[in-house]
Amino acid sequence: MRFSDFTSYDLILLAQGLGTNIALFLVTSLIGLLIGLGWALVRFYRVPVLAQIVTFLSELLKNSPVLVQLFLVFFGLPALLHIRVTPVTAATITLSANTAAFVYVIAVSAIESIEREQVEAARVFGITRWQVLRHIVTPQAAAFAVGPLVALLVNQLQVTSLISVIGVVDLTKIGHILNMRTLKPFVVWTVVGLLYYGAAKLVALLGERFENRLRAHSAWRGL
Amino acid sequence: MHFDLSILLPHLGFLARGAELTAAACALSLVGSVVMGALVAIARTSASSTLRRIAFIYVDLFRNVPFIVQLFFFYYGLPELGIYIDAFTTGVVALSIAGGAYASDTIRAGILAIDQGIIDAAEVSGLSRRKIFTRIVLPIALRTSVRPLGSVLINMILTSSILSTITLNELTGSAQIVVSQTYRPFEVYVVLLCAYAALTYLVSLAVTLLHRHLNRDMMEAVG
Amino acid sequence: MLKVENVRKAFSEVTVLDGVDLTIAPGEVVSILGSSGSGKSTLIRCINGLERLNAGRITVDDFDVSKPKELAEARKRSGTVFQLFNLYPHMSVLQNITLAPIEVLKTPRPEAEAIARKLLESVGLADRADAYPAQLSGGQRQRVGICRALAMQPRYLLLDEVTSALDPEMTAEVLAILAKLAAQGTTMLFVTHEIEFAREISDRIVFLDKGRLVVDLPTDRFFAADGGRAQPRVAQFLSRMRKD
C-alpha cells in the first residue's frame, strides 16, 4: 500500500464515520432508555426473582469494560449459539444493554429519593401504586434524573468509539484508515478528537436546554 | 449449545499475568492522575486567569474526547515527534492524563472545602506557600476525596481494557490470546467480564475501608 | 517593640480600622476591648499579615509586615491563637505543634517534640499528644492552639477572642493558662470579651469603637470613673457587658 496525502474525499469519509457513531448513539440510547426504565419498573413493583436478576445484571454491566461486553456479544454469542452476529448488531445489543444498566441505576435512585418522602403520605388517601408512580413520583423523579442522564449520554456517545474495535466503520475506524494511509497521526487524531468533542458538546448543550425547560416547566406547575 | 469453563484451567496462569499488568498499569496511572489532578487543581484555583483557562481547556478536552482516540493520538503521534516509548508506558501516560482530568475535579472540590481558618493558621506560623500546600491543603483535600478518587480508579480499571488495542497484553489482551488458542470466546469473555466486576467490587470495598480509616481521626468523637 | 502606626483598613466601602495607633513593649499584657464589629479581630489580622493595610504601618521588632520580605521575620516573632482554634485536622496534637518549628525554624524533630511535650504538660495535656483535634473538647483544642503558637517561641502572643467559642467551664481552663503565661512575663495582645479577666492580667487596656482607638490607659485608670469610664462609649460598653 502506498501512502498518500489527504484528499477532499476524506472529509466525506470523516462525516460518514461520525454519522455512524451518532446514529448508533441515538438508537442505542433510545433502546437503553426504554429497557432501563422497564428494569426500574420491575424494581418498583418488587417483582420477585426478576428484580434481583435485574439488579445483578446492571451491576455486572456497570462494573465491566464495554470492550469486553462487545467481545462477548460479537465473538462469544455466535460461538455459543451458532448464529451470525454482524458487528453493527453486536454494537447495538451491547451499547443498548450498557446504557440500560446506567439508566436503571439513575432511575432507581431518582424514584427512591422521591418515593421515600411522599409515597407514604399519598398511600394514606388510598391511591394505587401505579397512580403514585404516574402522578407523584414520575414528574419529580424526571426532574431529578435529567442531569445525571445528560451526563450519561455524553459519556455513552464517547463509548460508541469502541465499536471500531469489532470492525464497525465509525469515525475512529476512519481515523485508523487515514492514519495508515497518510502517516500523519497528529493531524488525523486531532481532527477525529475534535469531531467527537464537538458532538459531545452538542449533546451536552441540548441536554442542558432540555433540563432548563423541564425545570421552568415544573416550577411553573408548582405554583 | 456447549458451555465448559474447565477449558480455561490451563490458561489461568497466563490470564493472571495479564491481570498483573492491568494492576500495574492502573496503579501507576492512579499516581499519575493524582499528580496531574493536583497540578491542574492548583492551576484551576490559582489567581492567574491564563492558568485557570489552560487548566479548564485540558479538563474539558480530555473528558469529551473518547479515550481510544486519545490513546491512538499518543501511540501513533509520539513516534512522529521522535519520542519512542513502549505500549505500556504510552498506556500509563494516556490513562494518567485522562484520569487527571477527572481527578482534578474531586481534588479541586476538596481544596475549596478546606476551612480558610486552617490555612490562616498555617500562614501566620510562617510556613511557605509551597509547604502549606503540600503539608496542609493537599493532605486534607486527598483525604476528603478518597471516595471520588476511588471512582476514578474503578473507571481506570475498566478503561485500561482499551490498552489491548495498542498491542498491550494486559488482562483483556491476554484473554484475546487465550481465545485465539482455544476458540472458546464465550467462556473466556464471560470469565473476563466477571473478573473485571469482581476486581472493581474489591476495589470499591477497599476504598470504603480506606476512607473510614483515613477519616476516623477527622470525625467528631461521639459524646 | 510592636508598633501600629496610623493604620487604616477598609473592606470595599466599609472602614474597619480608622487611623489606629498602638505600641506594645516587650513584657506588656495589653487587652483590646470593644463591641463586636469594632475592628478588634481585624487589628490582630493586620498585625500577623493576614490582611493588607490600606494605609499606615505595622512593625514587629522593626520588621514591616507590609513588606513581603520582612513579613516572614515579623511572623516568626509573633504567634496567633484563634477563636475557632484552626488546628490541622489531619495531624495529631504533637504534629500540630511541631510542624512549624520543624519546617520554619528548622528545629530538629526530637528537639521540637521535646519542646511540644513540655508545653503540653504545662497545659495539662501531656497524655493527649497522639490524639487528633476531633477527639478533643473545645477547651483542650484551644489549649493545643496556645501550645502551637508558643512552640515558635514568639516574642508577642496575639490572642483573638480565644474563649468566645467555649463554654464557661472550658473558658476557665484556658484563662488559667493565659494567667500563668502573663505571670511568666509573656508579651500578649489580647482581644477579648472577658472584662474581669482582662482587668486581672492586663497592664494596659485599649478600647476600640467603630475602628477608632478611643482609649489607651493603664488598667486601673481604664476602670476609674475619671479615667476610661469618663468616655461615654466605654461606660456604656462596660455597663452593658456587666448585665450579661
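Keep in mind the model is a prediction, meaning the values are calculated, not measured.

Draft legend 1. Summary view of the overall build of chain B. If you tally the helices and strands in chain B, you get nine helices and zero strands. Ordered by position from the N terminus, the helices and strands of chain B form the series α-α-α-α-α-α-α-α-α. On the principal axes, the C-alpha backbone points of chain B span a range of 70 × 55 × 25 Å. The proportion of buried residues among the 223 residues of chain B is 50%. Accessible area of chain B: about 10400 Å², with a carbon and sulfur share of 66%. Separation between the mean location of the 15 positive side-chain charges and that of the 13 negative ones in chain B comes to 7 Å.

Draft legend 2. Here's a closer look at the nonpolar core. Ranked by size, the top nonpolar core spans 85 residues in total, and within it L162(A), V192(A), F67(B) and Y189(B) carry the most contacts. Among residues more than four places away in sequence, those in contact with Y189(B) are V68(A), F71(A), L72(A), F75(A), A175(B), Q176(B) and V179(B). Ranked by size, the runner-up nonpolar core spans 35 residues in total, among them L120(C), V123(C), L175(C) and I177(C).

Draft legend 3. Highlighting the arrangement of the chains. By contact count, the leading pair among the two pairs of chains in contact is chains A and B. There is a gap between chain A and chain C: no contact, and a shortest C-alpha distance of 32 Å.

Draft legend 4. Representation of empty space enclosed by the protein within the structure. Throughout the structure, instances matching the rule amount to two cavities of 30 Å³ or more. Put simply, the largest cavity is a space of about 100 Å³. Among the elements that take part in the lining of the largest cavity, strand β6 (residues 78-81) of chain C stands out by supplying three residues, more than any other. Of the residues in the lining of the largest cavity, the class split is six nonpolar, four polar and one charged. Roughly 30 Å³ of volume is contained in the second largest cavity. Along its surface, the second largest cavity is lined by F25(A), T28(A), S29(A), L95(A), T99(A), Q156(A) and T160(A). Element by element, the count of residues in the lining of the second largest cavity is highest for helix α1 (residues 9-44) of chain A, at three residues.

Draft legend 5. A look at the layout of surface pockets. Residue and element names in this part refer to chain A. Within this model, the second largest pocket holds a volume of roughly 850 Å³. Lining the second largest pocket are 35 residues, and of these L33, L37, V103, L149 and L153 lie nearest its centre. Mapped by element, the contributors of at least two residues to the lining of the second largest pocket are α1, α4 (87-124), α5 (129-159) and α7 (185-222). Split into classes, the residues belonging to the lining of the second largest pocket amount to 31 nonpolar, four polar and no charged.

Draft legend 6. Representation of the interface of chain C and chain B in the model. Facing the 23 residues of chain C at the interface are 22 residues of chain B. For the pair chain C and chain B, the summed buried surface comes to about 2000 Å²; carbon and sulfur atoms form 61% of the total. Taken together, chain C and chain B are joined by four salt bridges. With a closest N to O distance of 2.6 Å, E103(C) and R135(B) form a salt bridge. Across the contact surface, chain C and chain B share seven residue pairs in polar contact (both at pLDDT 80 or more). Only β6, α3 (93-103) and α5 (138-150) of chain C provide two or more residues apiece to the side of chain C that touches chain B. Here the side of chain C that touches chain B takes three residues from α3(C), the largest share from any one element.

Rules used throughout
Residues numbered from 1 in each chain as written. Chains lettered and ligands numbered in written order. Predicted model: local features only at pLDDT ≥ 70, side-chain atom pairs only at ≥ 80, totals over all residues. Heavy atoms only, no water. Helix = DSSP H or I, 4+ residues; strand = E, 2+ residues; numbered from the N terminus. Buried < 20%, exposed > 50% of the residue type's maximum accessible area, 1.4 Å probe, protein only. Areas by Shrake-Rupley, 256 points an atom, 1.4 Å probe, with all protein chains shown as cover. Lys, Arg positive; Asp, Glu negative; His and termini not counted. Charge placed at Lys NZ, Arg CZ, Asp CG, Glu CD. Core = buried A, V, L, I, M, F, W, Y, C linked by side-chain atoms within 4.5 Å. Contact = heavy atoms within 4.5 Å. 1 Å grid on protein atoms, 1.4 Å probe; cavity = no way out; pocket = protein on both sides within 12 Å on 5 of 7 lines; lining within 4 Å. Points joined across faces, edges and corners; volume = space filled by probe spheres on them. Nonpolar A, V, L, I, M, F, W, Y, C, P; charged D, E, K, R; others polar. Buried area = accessible area lost by both parts, 1.4 Å probe. Salt bridge = Lys/Arg side-chain N within 4 Å of Asp/Glu carboxyl O. Polar contact = N/O pair within 3.5 Å; in protein donor to acceptor, adjacent residues only side chain to side chain.

The values reported here are purely geometric and, on their own, carry no functional implication.
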